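Residue strings, one per chain:
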Amino acid sequence: TELLLRHKRLLPVISLATGLASALLMKRGYDRVPWLMGALFVTWLVIGFLITLLFTRPVESTAMVARDKTLQSILAGFLFQVASFFIVLMLTITVIGIPLAFIGSLIWLGICAFGTIVGFYFMGQLILEKLGKGQTHPVLVLLLGFFVLAIIRFLPFFLGWTLWVIWGLFGIGAAIISRFGSNK
């Protein structure tokens, strides 16, 4: 509650962002299951809002690592996904490993969420940098990056999906390389 009170001027921006996400989905032909796609967009927005507000410094420092180590970040993200898959698969083969596989899957989900949010944030930073804008509130940077990547996600055929996945691997890899912004 205190967090929302401190940042209450951002609530109209979040509301507008949610409305724009819904409009984008309807325009793209996702009206057959609008609640599902809308729920996914709103979920990403809420997760991004919370992670960016609660962990602003780690998100910003991870984005800096992403800028400095672009190819290493994509490679690290890809290797992390492949290794995670095989580790969870091996754990589920044994009965005793199933609880560990569940815990590992939750950890994997957290790492992917943080990395994807870093990817949104970094995209917003790149755009603001190109526009010559100075300091901007981190949530606004995140929203800008989110909407640009959401539009890219809706490119036809497999192009949008592929770019979205590569950008996600990029953010996840940067999170791993920077150790979630700690750089230790």
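Details of the structure are given in the entry above.
The structure reproduced in this document is the subject of the present report. (Residues numbered from 1 in each chain as written. Predicted model: local features only at pLDDT ≥ 70, side-chain atom pairs only at ≥ 80, totals over all residues. Heavy atoms only, no water.)

## Section: the packing of aromatic side chains
And step 1. Counting across every chain of the model gives 9 aromatic pairs.
And step 2. Pairing Phe122 with Phe170 gives two aromatic rings, centres 5.3 Å apart and planes at 50 degrees, and the pair type is tilted. Taken as a pair, Phe122 in helix 6 (residues 98–131) and Phe170 in helix 8 (residues 159–177) lie far apart in primary sequence, 48 residues in all.
And step 3. Residue classification places Phe122 among the buried residues on the basis of a relative accessible area of 5%.
And step 4. Following the ring pairs from residue to residue traces out a cluster consisting of Trp44, Phe120, Phe146, Phe147 and Trp164. (Phe/Tyr/Trp six-rings, centres within 6.5 Å; stacked < 30°, edge-to-face > 60°. Helix = DSSP H or I, 4+ residues; strand = E, 2+ residues; numbered from the N terminus. Buried < 20%, exposed > 50% of the residue type's maximum accessible area, 1.4 Å probe, protein only.)

## Here we look at the environment of Leu169
And step 1. Of note, Leu169 is situated in helix 8.
And step 2. Given the relative accessible area of 13%, Leu169 is considered buried.
And step 3. Considering only alpha carbons, one finds Leu169 and Phe78, 91 residues apart in sequence, at a separation of 5.9 Å.
And step 4. Beyond its immediate chain neighbours, meaning those up to four positions away, Leu169 contacts Ser73, Ile74, Gly77, Phe78 and Gln81. (Contact = heavy atoms within 4.5 Å.)

## Things to note about the environment of Ile127
And step 1. Tracing the sequence through the fold places Ile127 in helix 6.
And step 2. Put simply, Ile127 and Val141 are 14 residues apart on the chain and 8.9 Å apart in space, counted from C-alpha to C-alpha.
And step 3. Discounting chain neighbours no more than four positions away, the residues touching Ile127 are Leu144 and Val148.

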